[in-house]
Amino acid sequence: MKQLRLKVLAGLFAVAGILSWGGARLWESLGTLPSVPLAAPIVLAVIAAVLTATALSLRSRLRAQRERRPDAKGVEPLMAARAVVFGQASALVAALVSGMYGGTGVFLLGSLDIPARRDQAIYAGFSVLAGIGVIAAALFLERVCRLPEDDDDAGRAPVT
């Protein structure tokens, strides 16, 4: 399984932000701008919390397993792999969604004097922050689930 790359996530964020900003300008010229839902930052924050809780749980279970505690509850390799895949998928989607709301938020900065637009810009800003939280939690989860021998093979090409 390949690791998430920050460059890829930043690229997705930037491309989605630019396209969203352009789309917001186009949409504004045709009529009204679609709203940023209040639920967007809440949902992203919940996903970040779930990823963080999963990472902390797996980290404590793996630590107990490494220390060979008698009451240690093992970690199934397939469960850890599923958690990492969930984290990676969440990070990729969060990068796109955060970029989209970031681009819309940048567009809305030009009309902060209108109360409804100001609220939309605030929701967009919180969505970007929550999306960054999802990405950070996914990277933490990936780091927790990394095998010790993965560090030794970092410089070598994968064996096929």
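Details of the structure are given in the entry above.
Residues numbered from 1 in each chain as written. Predicted model: local features only at pLDDT ≥ 70, side-chain atom pairs only at ≥ 80, totals over all residues. Heavy atoms only, no water.

Asks: Can you walk me through the overall build of the protein chain in this structure?
Replies: In terms of helices and strands, the protein chain carries five helices and zero strands. Sequence-ordered secondary structure for the protein chain, helices as α and strands as β, is α-α-α-α-α. Compactness check: the protein chain gives a C-alpha radius of gyration of 20 Å against a globular reference of 15 Å for 160 residues, more than 25% above the reference. Projecting the C-alpha coordinates of the protein chain onto the three principal axes gives extents of approximately 65 × 35 × 20 Å. Here the protein chain, with 160 residues, has 33% of them falling under the buried criterion. When contacts within the protein chain are restricted to residue pairs at least 6 apart in sequence, those whose partners lie at least 24 apart make up 83%. Per element, the accessible surface of the protein chain, about 10,300 Å² overall, is 66% carbon and sulfur. Both charge centroids of the protein chain, one from 17 positive and one from 12 negative side chains, sit 0 Å from each other. (Helix = DSSP H or I, 4+ residues; strand = E, 2+ residues; numbered from the N terminus. Rg over C-alpha atoms; globule rule 2.2 N^0.38 Å. Buried < 20%, exposed > 50% of the residue type's maximum accessible area, 1.4 Å probe, protein only. Contact = heavy atoms within 4.5 Å. Areas by Shrake-Rupley, 256 points an atom, 1.4 Å probe, with all protein chains shown as cover. Lys, Arg positive; Asp, Glu negative; His and termini not counted. Charge placed at Lys NZ, Arg CZ, Asp CG, Glu CD.)

Asks: Mind showing me how you'd approach the pattern of salt bridges here?
Replies: Opposite charge on two side chains permits pairing when their charged atoms draw close. Per the counting criterion, the structure on display carries one salt bridge. We note a salt bridge from Glu28 to Arg117, for which the minimum N-O separation is 2.8 Å. Here Glu28, found in helix H1 (residues 6–30), pairs with Arg117, found in helix H4 (residues 115–144); they are 89 residues apart in sequence, far enough to count as distant. Assessed through its relative accessible area of 29%, Glu28 is described here as partly exposed. Classification of Arg117 by relative accessible area gives buried; the value is 19%. (Salt bridge = Lys/Arg side-chain N within 4 Å of Asp/Glu carboxyl O.)

Asks: In this structure, what is going on with the environment of Ala40? I would like to understand it.
Replies: Its place among the elements puts Ala40 in helix H2 (residues 39–66). Of the residues examined, Ala40 reaches a relative accessible area of 10% and is grouped as buried. Along the primary structure Ala40 and Tyr123 are separated by 83 residues, whereas in three dimensions their C-alpha atoms are 7.7 Å apart. Look past the residues within four positions of Ala40 in its chain and what remains in contact with it is Tyr101 and Ser127.

Asks: When you look at the side chain of Glu142 in this model, what are you seeing that I'm missing?
Replies: One can find Glu142 in helix H4. Here Glu142 occupies a buried position and makes no salt bridge, while the nearest side chain of opposite charge, Arg146, is found at 6.0 Å. Once residues lying within four places of it in the same chain are set aside, the contact partners of Glu142 are Lys2, Gln3, Leu4, Val84 and Gln88.

Asks: Where do I start with H1 in this structure?
Replies: Note: α-helices contain 3.6 residues per turn, so residues at a spacing of three or four share the same orientation. In a regular helix each residue adds 1.5 Å, so 25 residues correspond to 36 Å; H1 covers 36 Å between its end C-alpha atoms and thus fits that length. Lining the buried residues of H1 we find helix H3 (77–108) and H4. (Expected span 1.5 Å × (residues − 1).)

Asks: Honestly, a nonpolar patch on the surface in this entry has me stumped. Any pointers?
Replies: On the surface, a nonpolar cluster with roughly 450 Å² of combined accessible area is contributed by Leu38, Ile42, Val46, Val50 and Phe86. By residue number, the principal contributor to the nonpolar patch is H2, which donates three residues. Locating Ile42 in the fold gives a position in helix H2. (Patch = residues over 30% accessible without salt bridge, like charges linked within 9 Å, V, L, I, M, F, W, Y side chains within 5 Å.)

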